[in-house]
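# Coordinate inspection notes
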Amino acid sequence: MILYQDEKHALIGVFGSSNRKTGNMIQTWIMNKESLEGGFCEDCTSLDLCYVFQGKNSIQKKLARGGYEEIAIDLSKKRVRVGTYGDPSVFPLQVWKDLNIKKHTGYTHNWRSPHVQEYKKFLMASAETLESYHLAKQLGWRVFYNLLDVYAGLVSIEQVESEINAIECPNSTHELTCYDCLLCDGSKRAKDIFIYPHGGKLSKKNALATIQKSKEQDQALIQALLLDQGSFETHV
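Note that the structure is a prediction, hence the values are computed from the model and not measured.

Our next topic: helix α1 (residues 56-64). Burial in α1 covers these residues: Lys 56, Ile 59, Gln 60 and Leu 63. An end-on view of α1 places all buried positions within 95 degrees of arc, on one side of the element. Each element contacted by the buried residues of α1 is listed here: β2 (9-14), β3 (26-32) and β4 (79-85). Once α1 ends, the next one or two residues include Gly 66, with phi positive near 75 degrees.

The next thing to look at is the pattern of salt bridges. Here the structure, examined in full by the defined rule, presents four salt bridges. Asp 192 serves as the salt-bridge partner of Lys 137, at 3.2 Å between the closest nitrogen and oxygen. Taken together, the positions of Lys 137 in helix α3 (residues 130-138) and Asp 192 in strand β9 (residues 192-195) put the pair 55 residues apart, joining distant regions of the chain.

Phi is mostly negative for residues that are not glycine, and the peptide bonds are mostly trans. The phi dihedral of Phe 40 is positive, around 75 degrees, even though this residue is not glycine. By the element assignment, Phe 40 lies in the loop between β3 and α1. Residue Phe 40 is classed as buried on the basis of its relative accessible area, which comes to 15%. Positive phi is not limited to glycine here, since Leu 182 has a value of about 65 degrees. By the element assignment, Leu 182 lies in the loop between α7 (178-181) and β9. Residue class for Leu 182 comes out buried when judged on its relative accessible area of 9%.

Trp 96, Trp 111, Tyr 119, Trp 141, Tyr 145, Val 160 and Ile 164 are the most contacted members of the largest nonpolar core, which totals 38 residues. Where this core is concerned, the elements lending two or more residues are β3, β4, α2 (93-98), β6 (124-127), α3, β7 (143-146), α5 (157-163) and α8 (204-228). Per-element accounting of this core gives the leading share, four residues, to α3. The contacts of Val 160, once residues within four sequence positions are left out, are Tyr 145, Leu 147, Val 150 and Val 155. Among the nonpolar cores identified, the runner-up in size contains twelve residues, and Ile 2, Ala 10, Leu 36 and Val 52 belong to it.

Burial along β9 is two-sided: Asp 192 and Phe 194 and Ile 193 and Ile 195, pointing in opposite directions, are all buried. Here β7 pairs with β9 via three bridges, running parallel. In the sheet register, Phe 144 faces β9, and the bridge partner there is Ile 193. Relative to β9, strand β8 (residues 166-168) runs parallel, the two sharing three bridges. Looking across to β9, one finds that Glu 168 is bridged to Phe 194.

A separate point is the side chain of Asp 149. Within the fold, Asp 149 resides in helix α4 (residues 148-151). Polar side-chain contacts of Asp 149 include one of 2.7 Å to the backbone nitrogen of Leu 130. When residues no more than four places from it in sequence are discounted, the contact partners of Asp 149 are Glu 128, Thr 129, Leu 130, Leu 154, Val 155 and Ile 211.

A word on the pairing of β6. Both faces of β6 are covered, namely the face carrying Met 124 and Ser 126 and the face carrying Ala 125 and Ala 127. Two elements, strand β5 (residues 103-108) and β6, share two bridges in a ladder whose sense is parallel. Opposite Tyr 107, over in β6, you have Met 124 as the bridge partner. Sheet topology note: the β6/β7 ladder contains three bridges and is parallel. Following the sheet pairing, Ser 126 is matched in β7 by Phe 144. Since β6 and β7 lie parallel, the crossover through α3 that links them has a hand, and here it is right-handed.

So, about α8. Given a rise of 1.5 Å per residue, 25 residues ought to cover 36 Å, and the 36 Å separating the end C-alpha atoms of α8 matches this to within 8%. Among the residues of α8, those classed as buried are Asn 206, Ala 207, Thr 210, Ile 211, Ser 214, Asp 218, Leu 221 and Leu 225. Buried-residue contacts for α8 involve α3 and α4.

Analysis parameters
Residue indices follow the written sequence of each chain, beginning from 1 at its first position. Local features in this predicted model are restricted to residues whose pLDDT is 70 or higher, and side-chain atom pairs enter the listing and the counts only when it is 80 or higher, whereas totals over whole chains, interfaces and linings include all residues. Note: side-chain values were computed over all heavy atoms of the structure, leaving out hydrogens and water. Exposure is judged per residue with a 1.4 Å probe applied to protein chains only, and the accessible area is read against the type maximum: over 50% gives exposed, under 20% gives buried, and values in between give partly exposed. A run of DSSP states H or I qualifies as a helix once it reaches four residues; a run of E qualifies as a strand once it reaches two. Both are numbered from the N-terminal end. Directions drawn from the helix axis to the C-beta atoms are what define this arc. Note on definitions: a residue-residue contact is assigned when non-hydrogen atoms from the two residues lie within 4.5 Å. Note on definitions: salt bridges are taken to be side-chain nitrogens of Lys or Arg within 4 Å of carboxyl oxygens of Asp or Glu. In this description, a nonpolar core means a group of buried Ala, Val, Leu, Ile, Met, Phe, Trp, Tyr and Cys residues linked to one another through side-chain atoms lying within 4.5 Å. A strand pair is defined by DSSP finding two or more bridges across the two strands. Here a polar contact means two N or O atoms within 3.5 Å. Within protein one must be a hydrogen donor candidate and the other an acceptor candidate, and residues neighboring in sequence count only if both atoms are side-chain atoms. With strands facing away from the observer, any crossover in which the path from the first strand over the helix to the second runs clockwise is taken as right-handed. For a helix, the expected span equals 1.5 Å multiplied by the number of residues minus one.

The analysis is restricted to geometry; functional conclusions fall outside its scope.
Written as structure tokens, this is what we have:
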């Protein structure tokens with residue numbers, strides 16, 4: 001079903017998930033109605049590593065033929081994976097608030113953008129390097145840190161653990177599903193989360209390409225902030 005749509009994007013809710021990691025959460029697909037790709041995906045630092053492909057073709061085909069009906073629904077008693085595919089920040093935060101979501105997980109790769117800062121109490125910032133982790137923290141985000149720089153051999157796990165205040169994803173350590181855990185909610189007063197990289201596209205080549213994109217976006221953010229206020233004040 002379509003939970004919301006505007007001129008460019010459709011927010012599709014899929015019920016009855018069999019995903020072993022997330023559990024039976026409502027999966028939300030944020031689709032560009034013209035390209036049929038995920039919203040913001042073209043600018044995502046992790047595009048080369050994205051492993052969201054199961055179900056993608058069927059979602060695209062059904063959307064293209066107009067197979068989804070727009071339905072108003074109260075999600076207050078449901079558990080929602082915000083942004084299964086596509087970045088939640090393509091919609092105003094009020095769109096998500098109007099869906100009355102009370103229990104959810106969600107991430108944004110677009111956390112460096114000024115207009116996305118209002119999402120800090122809703123989403124986690126998704127970071128791939130220790131440098132990005134520290135930048136996101138300076139902006140006031142809780143962070144989900146995919147240890148790509150550790151995987152690529154650029155930093156050690158010992159260095160990471162000495163510099164961050166985080167726990168390893170409970171699915172990795174205790175096989176706890178996201179449905180039961182719900183720590184990846186920006187509003188939670190909890191430690192950050194880290195996870196070791198995984199997925200079918202994982203390779204050192206793709207990891208290094210992703211790290212390079214992250215560095216470029218980090219440098220662009222730092223330069224913009226220095227030109228603006230000389231600090232992070234306008235973003236925090």
